[in-house]
Amino acid sequence: MAHEMTAAAGNGGEMQGATHLVPIRVYLTIFSLLMVLTAVTVGASFVDLGPANTLVAVVIAVTKMMLVILYFMHVRYSSRLTWAVVGGGFFWLAILLLLTLGDYLTRGPGWLRYG
Amino acid sequence: MAGAHATQHPKLQHHFDNLDQQFEASALGMWLFLVTEILFFGGLFAAYTIYRLMYPRAFAEASHELDVVLGGVNTAVLIGSSLTMAMAVWAAQLGKRGKQLLFLGLTMALGLVFLGIKAVEYSHKFEHGLVPGPDFRFESAHDPGHSQLFFSLYFVMTGLHAVHMIVGIGLMAVLFVMAFKGRFTRAYHTPVEVSGLYWHFVDIVWIFLFPLLYLIDRHGPVVH
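Residues numbered from 1 in each chain as written. Chains lettered and ligands numbered in written order. Predicted model: local features only at pLDDT ≥ 70, side-chain atom pairs only at ≥ 80, totals over all residues.

When helices and strands are tallied, chain B shows six helices and zero strands. Overall, chain B shows an N-to-C arrangement of helices and strands of α-α-α-α-α-α. Its C-alpha radius of gyration of 22 Å places chain B more than 25% over the 17 Å reference for a compact globule of 224 residues. For chain B, the C-alpha atoms occupy an extent of roughly 75 × 30 × 30 Å along the three principal directions. (Helix = DSSP H or I, 4+ residues; strand = E, 2+ residues; numbered from the N terminus. Rg over C-alpha atoms; globule rule 2.2 N^0.38 Å.)

Residues Ala86, Met87, Ala88, Phe150, Val205 and Leu209 of chain B are the most contacted members of the largest nonpolar core, which totals 78 residues. Elements with a contribution of two residues or more to this core: α2 (24-45) and α3 (52-72) of chain A together with α1 (19-54), α2 (56-63), α3 (68-93), α4 (97-127), α5 (144-180) and α6 (190-215) of chain B. With 16 residues, the top contributor of residues to this core is α6 of chain B. Excluding residues within four positions of it along the chain, methionine 87 of chain B makes contact with Tyr27 of chain A together with Phe103 of chain B. (Core = buried A, V, L, I, M, F, W, Y, C linked by C-beta atoms within 7 Å. Buried ≥ 20, exposed ≤ 12 C-beta atoms within 10 Å, placed from the backbone. Contact = placed C-beta atoms within 7 Å.)

The phi dihedral of histidine 74 of chain A falls on the positive side, at around 65°, and the residue is not glycine. Of note, histidine 74 of chain A is situated in the loop between α3 and α4 (80-104).

Another point: the interface of chain B and chain A. With 50 residues of chain B at the contact, the number on the chain A side is 47 residues. Elements with a minimum of two residues in the side of chain B that touches chain A: α1, α2, α3 and α6 of chain B. Looking at the side of chain B that touches chain A element by element, the count peaks at 18 residues for α1 of chain B. Partitioned by chemical class, the residues of the side of chain B that touches chain A number 33 nonpolar, ten polar and seven charged. (Nonpolar A, V, L, I, M, F, W, Y, C, P; charged D, E, K, R; others polar.)

Moving on to the packing of α4 of chain B against α5 of chain B. When two helices pack together, their arrangement is given by the angle between the helix axes and by the axis-to-axis distance. Residues and elements named next belong to chain B. The interhelical angle for the contact between α4 and α5, taken along N-to-C directions, is 155°, at an axis separation of 9 Å. In terms of orientation, α4 lies roughly antiparallel with respect to α5. Where α4 crosses over α5, the two elements pack in a sense that is left-handed. Residues Arg97, Gln100, Leu101, Leu104, Gly105, Thr107, Met108, Gly111, Leu112, Phe114, Leu115 and Lys118 of α4 pack against Thr158, Ala162, Met165, Gly168, Ile169, Met172, Ala173, Leu175, Phe176, Ala179 and Phe180 of α5. For the contact of α4 with α5, the per-class residue count stands at 15 nonpolar, six polar and two charged. (Axes fitted to C-alpha atoms, helices over the stretch in contact; angles between N-to-C directions. Parallel < 35°, antiparallel > 145°, perpendicular 65-115°, else oblique. Left-handed = near helix turned anticlockwise from the far one by under 90°.)

Our next topic: the confidence of the model for chain B. Here chain B shows a mean pLDDT of 93. Residues at 70 or above account for 95%. Here the complex is predicted with pTM 0.90, and the ipTM for its interfaces comes to 0.92. (pLDDT = per-residue confidence, 0-100.)

Mapped onto the elements of the fold, phenylalanine 59 of chain B is located in helix α2. Not counting chain neighbours up to four residues away, the residues in contact with phenylalanine 59 of chain B comprise Arg52, Phe150 and Asp217 of chain B.

On to α1 of chain B, then. When the terminal C-alpha atoms of α1 of chain B are compared, their 52 Å separation across 36 residues agrees well with the 52 Å that a helix rising 1.5 Å per residue should span. Three or more residues of α1 of chain B are buried, namely Leu19, Gln22, Phe23, Glu24, Ala27, Trp31, Leu34, Phe41, Tyr48 and Arg52 of chain B. In this fold, the buried residues of α1 of chain B make contact with α4 of chain A together with α2, α5 and α6 of chain B. (Expected span 1.5 Å × (residues − 1).)

The next thing to look at is the packing of α2 of chain B against α5 of chain B. Residue and element names in this part refer to chain B. Orientation of α2 relative to α5, taken along the N-to-C sense of each, is 60°, at an axis distance of 8 Å. By the angle between their directions, the pair α2 and α5 is classed as oblique. Judged by the twist between their axes, the crossing of α2 over α5 is right-handed. Between α2 and α5, the contacting residues are Ala58, Phe59, Glu61, Ala62 and Ser63 on the first element and His146, Ser147, Phe150 and Phe151 on the second. Its residues placed into classes, the contact of α2 with α5 shows five nonpolar, three polar and one charged.

Its place among the elements puts aspartate 203 of chain B in helix α6. Expressed as a C-alpha distance, the spacing of aspartate 203 of chain B and alanine 86 of chain B, which sit 117 residues apart in the sequence, is 12 Å. Leaving out residues up to four positions away in the same chain, aspartate 203 of chain B has contacts with Val68 of chain A together with Leu78, Ile79 and Ser82 of chain B.

Right, dumping it as C-alpha cells:
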C-alpha cells in the first residue's frame, strides 16, 4: 500500500480524488504570512496615515482572507462550481455594502456633520 | 475510479455515483451555507461602516477602550487554530488517526483559549461600565450616547462570532469522537473537510473584526 502514498497527491489510490492533498510546507508558509500580516496591520494602525489607515487595514484583512480561502479552505484546488458559489457570495456582499453606502454617502453635505 | 464493480463503500449514498461526487456535493452545501453567513455578518459590517462614518469621534474614543494586546493575541490564537484545523484535514486525508486526534484536540484547545481571552475582555467591559444599557458609564467621552452605539456593535459582532466559535468547538468534539472510533479513512473523511471550511470561515470573520473594532482608530491620541 505504500506506493499509494505517492499516488495520493494526484487522483489515485484509495483517497477521495476530489480532495487535494496540500503539502504541510504550504500550510506553514500560509500560517507564517498570516502572522506577519497581523503584525503589519497592528504596526500600521499606530502610524497616522490619515484616511489611509482604514484602507491599509482593509487591504491587509482582504489579503489574509484570500490566503485562508485559497489555501486553508482549498478553493484554489476546487472545482469551477465552487469558485462560482464563493465568488457569487462576495458579489452579493458587494451589492449589500456598495448600494447601501451609495445611498448614505450621497445624502448631501449635512449628513456627516455629526461626530 | 479503479474497480467500478468493486463493493460499494458503506458511506456512499445511493444517489451519488461515487465518493468524489458525494464529497463535492457536501463541500458545495457547506459553501452555500457559508455564503448566507457572509451576508449575515455582512449586514453587521454595513451597519458598523455607516455608523462609524456618522460618528467618527465617538467611535474612535470607544475603540480606544478595547485592549489591542488581548485582541492581537486572540488573532494569533485563531490563526494558529486554522493551521491546526488544516493539519487535521491533512491527517484525515492520509488516514493518520493519531495525528488527526492531536490536531483536532489542538484546534479545540485553541478555540477554548480564544473564548477564555474573550471572557476576560468582556468582564473588563462590565467592570468599567462599558456594556450598553442602564449601567453604561463612559464619562470621559464627548458623546457617550454614540460611543454606546459602538459598544452595542462590538458586543453583537464579537458575541455572534463567539457563538460561532462555540458551535465550532462542538463540531470539533464530535469529530474527535468520530476520529477516535476510527470512522474516517483515506477514502472517506468528508465531515472533517466540511467542518474545516466552517472553522476557517469563523477565523476570517475575526480577521475583519480585529482591525475594524480594535485598530483603525488607534493612531494619534484621543482628544476628549
